[in-house]
Amino acid sequence: MAAAFDAFRRRAPTFDSTASLDELRLREYSRLDEGDHIYLDYTGGGLYADSQLRAHMDLLRENVFGNPHSVNPTSSAMTRLVERARARVLEYFNASPDEYTAIFTPNATGALRLVGEAYPFRPGDRFLLTFDNHNSVNGIREFARARGAETSYVPSVAPDLRVDENVLLKYLDEIGGSHHNLFAYPAQSNFSGVQHPLEWIEEAQARDWHVLVDCAAFVPTNRLDLSRWHPDFVPLSFYKLFGYPTGVGCLLARNDALARLERPWFSGGTIVAATVQRDWHRQIEGFAAFEDGTVNYLTLPAIEIGLDHVDSAGIDTVHERVSCLGAWLLDELQTLRHSDGRPAIEIYGPRTWTGRGATIAFNFLHPSGRWVDERFVDRVAEAHNVSVRTGCFCNPGSGELAFSIAKETLIGGEFETALVLDDYVAAIGLPSGGAVRVSLGLPTNFADVYRFVEFARALLDVTEADVPDDLPPRLAC
Ligand SMILES: Cc1ncc(COP(=O)(O)O)c(C=O)c1O
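Here is a short report on the structure shown in this document. (Residues numbered from 1 in each chain as written. Predicted model: local features only at pLDDT ≥ 70, side-chain atom pairs only at ≥ 80, totals over all residues. Heavy atoms only, no water.)

### Digging into unusual backbone geometry
Note: most residues except glycine have negative phi, and most peptide bonds are trans. What counts, and what does not: Secondary structure follows DSSP: runs of H or I at least 4 residues long count as helices, runs of E at least 2 residues long count as strands, and numbering of each begins at the N terminus. Between buried and exposed lies partly exposed: a residue is buried under 20% and exposed over 50% of the maximum accessible area for its type, with that area taken using a 1.4 Å probe on protein chains only.
Residue P159 is bonded to the preceding A158 through a cis peptide linkage, with omega at 5°. On the secondary structure map, P159 appears in the loop between β5 (156–157) and β6 (162–163). In the segment running from Y244 into P245, the intervening peptide bond is cis, with an omega of 5°. Structurally, P245 is set in the loop between α11 (238–242) and β10 (249–254). Unusually for a residue other than glycine, L161 sits at a positive phi of about 60°. You can see L161 is positioned in the loop between β5 and β6. The buried category is assigned to L161, whose relative accessible area is 2%.

### Examining the site of the ligand
Under the convention used in this document: Throughout this document, a residue counts as near a molecule or strand when at least one of its heavy atoms sits within 4 Å of that molecule or strand. Polar contact is defined as a pair of N or O atoms within 3.5 Å, subject to the rule that within protein one atom must be able to donate a hydrogen and the other to accept it, and that residues adjacent in sequence are counted only when both atoms are side-chain atoms. The Shrake-Rupley method, run with a 1.4 Å probe sphere, supplies the accessible areas, and residue values consider only the shown protein chains as cover. Here the nonpolar group is Ala, Val, Leu, Ile, Met, Phe, Trp, Tyr, Cys and Pro; Asp, Glu, Lys and Arg are the charged ones; every other residue, Gly included, is treated as polar.
The immediate surroundings of the ligand are formed by N107, A108, T109, H134, N190, D214, A216, A217, S237, Y239 and K240. Between the ligand and Y239 there is a distance of 2.6 Å, counted from an oxygen atom to a side-chain nitrogen or oxygen. Coverage of the ligand by the protein chains reaches 89% of its 390 Å² of free accessible surface. Put simply, the parts of the chain that give the shell around the ligand at least two residues each are α6 (108–118) and α11. The class makeup of the residues in the shell around the ligand is four nonpolar, five polar and two charged.

### A few points about the environment of L421
With respect to the helices and strands, the residue L421 is situated in helix α18 (residues 421–428). Here L421 falls in the partly exposed class, since its relative accessible area comes to 24%. For the pair L421 and P473, spaced 52 residues apart in sequence, the C-alpha separation works out to 8.2 Å.

### Focus on the nonpolar core
Inside soluble globular proteins, nonpolar side chains tend to come together where they are buried. Here is the rule: We define a nonpolar core as any set of buried Ala, Val, Leu, Ile, Met, Phe, Trp, Tyr and Cys residues linked to one another through side-chain atoms lying within 4.5 Å.
Among the nonpolar cores identified, the biggest contains 54 residues, and L329, L333, I360, F362, F364, F452 and F455 are the most heavily contacted of them. For this core, the elements supplying multiple residues, two or more each, are α2 (19–28), β1 (38–39), α14 (315–335), β13 (345–348), β14 (359–364), α15 (374–383), β17 (435–439) and α19 (446–457). At nine residues, the largest contribution of residues to this core is made by α14. With 50 residues, the next largest nonpolar core counts A187, C215, L224 and I303 among its residues.

Take a look at the structure:
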């Protein structure tokens, strides 16, 4: 490994400028090395630093906190910390409170649901989205359909899985009258790591679209500056950014776009008043109208702690580091060959490091060229204490393009009658239930990616006959 590390540093001279993260890893993430883990599933979930836990637990141990939004001392103490966390979120993303509101949600999905269910879709309106989207964005089409709006998808183009911008502009131009139109895309694909241009925000807004940029997979390793970019809606989950706590996400919404949303119901905490004898309620203004019931208040101070932690690590340093390590890993994976010289890996998405983030999707190939069943990869990975993700990562559009699945394959026959994922995989005729995804994050070091390549070598020269037939059923998508 020492020789490989020297060669890597020569190739990526800026890596040394991120040495502070090696120290941070030793100090704050020692459990990774103590447990001999190779953790490369940061797009699944980030990891927390020891000090985040300590700071949060100390705060809870040393104080008495009541349910916020009352005037008693323990309640006001909690309210102050909740509002500090909210202000800190805006500050972290450089979002002016005059322009943006931060709404706490259970996760990015909760933020997307808020937009989907309240966006004022009407017949004639449009919901436009890229093929490359998480299912929690795809699901908004059900709200659009129920309200008579039309959903259209902009395709990505294999093998890079990027969108042809001329095609996108044509879709964006197809807008008529004074409709409500919502365009949604991810800043970084949770499947391929492709980074779609943030410049699209202005292009779409200039054509009268509201723009939702899903930043769940982007913000853990990239700076999002909301004084430079002005999307209408930004959903994200904090555990992806700094690991702890789970169960808290956020919708960053532009105030003018937020004012257009029409909540389909009201609940405790979202109204000034409601009456029973008369069918009447008055919605509160601002974030409170979107936070149903009691917020997850004891965890919210941990958001401030987590953001402070990422700030002290430096998001630009994290970005530089995962770019150096990711570029190396992407190249190394592509050089892997079976003994007969055939490629051992098929990459989905960009093969070079331009315009992409530190998430790499691929399949292992048998010497025959057929994919290695991802459940076998899981089994070998477990034996090496490697944590990566396999499947379609809740991003079916990218999967359909990456695996060249035609629309006709998805209609009728066995596909319609399939009930469990294994049956869908069989109906589509795929030799595997998806792909393998490695993703890098704040604590990733050279040893992680080097050892991952060593693990990948364990799958060289493995034939179909070497794969046992007792693989478990696939989990649902
Ligand atoms: C791009 C993207 N959007 C949305 C989500 C949904 O996040 P959550 O499951 O935290 O709601 C994910 C989760 O992986 C994601 O990667």
